[in-house]
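Fold and contact review
Okay, here's what each chain looks like letter by letter:
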Amino acid sequence: MNITGLYVAGIGCGSGCDMHDLLALLHDAATRARCRPGLIAIPDFRADCTALHAAAQQAGLPLHVVPYRDLLAAQPRCVTRSARALAACGVASVAEGCAIAMAGDGARLILPRIAYRRITCAIARTEYT
């Protein structure tokens, strides 16, 4: 999927993350990037995380699930790497990978991964076609 002209917030987190922590990090990321994300992208292995769904609903943003193969394909375009994420998930950058994968081929990362309480967020911008 390639959605044009919009900011995508990619999220990486552990299974026990907190909705309020997610919202705080999303707000911090948007403030740093000086944008308003249009959607949240999460990896398919966190698709059943209740806190992610609750945070997206609270923020009024659609939640999109990134297939693992797309997350893997986005890894070369990520600028940060986490040994912890690599060991736990098989990819070194979950948040950046989700943002880039959902934003599409022409996307640019405008906010590399930031972290708060074992939750990560990155923002990518789609390019107009």
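Residues numbered from 1 in each chain as written. Predicted model: local features only at pLDDT ≥ 70, side-chain atom pairs only at ≥ 80, totals over all residues. Heavy atoms only, no water.

**Structural notes on the sheet that holds strand E1 (residues 7-13)**
The following threshold applies: When DSSP locates at least two bridges between a pair of strands, those strands are taken to pair. Here a helix means four or more residues in a row that DSSP labels H or I, a strand means two or more in a row labelled E, and each is numbered from the N terminus. Note on definitions: angles span 0 to 180 degrees between N-to-C directions of axes, and those axes are lines fitted to C-alpha atoms, for helices only across the stretch in contact. The contact rule is simple, with two residues in contact once any of their heavy atoms fall within 4.5 Å.
Pairing within the open sheet is mixed, and its five strands lie in the order E3-E2-E1-E5-E4. Pairing within the sheet leaves two strands with one partner each, and these edge strands are strand E3 (63-66) and strand E4 (108-116). Between one strand axis and the next, the sheet turns through 25° on average, direction left out of account. Looking at chain direction, strand E2 (residues 39-43) and E3 are connected through four bridges and run parallel. Bridge pairing in E3 places Ala 41 opposite His 64. Here helix H1 (residues 19-33) sits on the sheet and contacts E1, E2, E4 and strand E5 (119-125); the angle it forms with E4, its principal contact strand, is near 140°.

**Some remarks on the packing of aromatic side chains**
Both the distance between ring centres and the angle between the ring planes are used here to describe each pair of aromatic rings. As a reminder, the rule being used: Any pair of Phe, Tyr and Trp rings, taking the six-membered ring for Trp, is counted once the centres come within 6.5 Å. Such a pair is stacked with planes under 30 degrees apart, edge-to-face with planes over 60 apart, and tilted for the rest. In this analysis the charged atom, NZ for Lys or CZ for Arg, is taken to sit over a ring once it is within 6 Å of the ring centre and within 35 degrees of the ring normal.
Applying the stated criterion across every chain yields a total of one aromatic pair. Between the aromatic rings of Phe 45 and Tyr 68, the centroid separation amounts to 6.3 Å while the plane-to-plane angle is 65°, which identifies the pairing as edge-to-face. Here the residue Phe 45 occupies a position in the loop between E2 and helix H2 (50-59), and Tyr 68 occupies one in helix H3 (residues 68-74), the gap between them amounting to 23 residues. Above the plane of the ring of Tyr 7 lies Arg 125, whose end atom (NZ or CZ) is 5.2 Å from the centre.

**Considerations on the pattern of salt bridges**
What counts is decided by this rule: Here a salt bridge means any side-chain nitrogen of Lys or Arg lying within 4 Å of a carboxyl oxygen belonging to Asp or Glu.
Summed over all chains, the structure comprises two salt bridges. Between Arg 117 and Asp 21 there is a salt bridge, and its shortest N-O distance comes to 3.4 Å. One end of the pair, Arg 117, is in the loop between E4 and E5; the other, Asp 21, is in helix H1, with 96 residues separating them in the sequence.

**Here's the deal with empty space enclosed by the protein**
Just so we agree on the cut-off: Whether a set of points on the 1 Å grid over the protein atoms alone is a cavity depends on a 1.4 Å probe fitting there but being unable to get out, while an open set qualifies as a pocket with protein on both sides within 12 Å along at least five of seven lines; lining residues are those with an atom within 4 Å of a point. Grid points are joined across faces, edges and corners, and a volume is the space filled by probe spheres set on the points. Note on residue categories: nonpolar means Ala, Val, Leu, Ile, Met, Phe, Trp, Tyr, Cys or Pro, charged means Asp, Glu, Lys or Arg, and polar means any other residue, Gly included.
Scanning the model with the defined rule gives one cavity of 30 Å³ or more in all. Its boundaries defined by the atoms lining it, the largest cavity holds a volume of some 50 Å³. Ile 11, Leu 22, Leu 23, Leu 26, Ile 40, Leu 52, Ala 55, Ala 56 and Leu 63 together form the lining of the largest cavity. Listed by contribution, the elements that provide at least two residues to the lining of the largest cavity are H1 and H2. Here the lining of the largest cavity is built from residues that sort into nine nonpolar, no polar and no charged.

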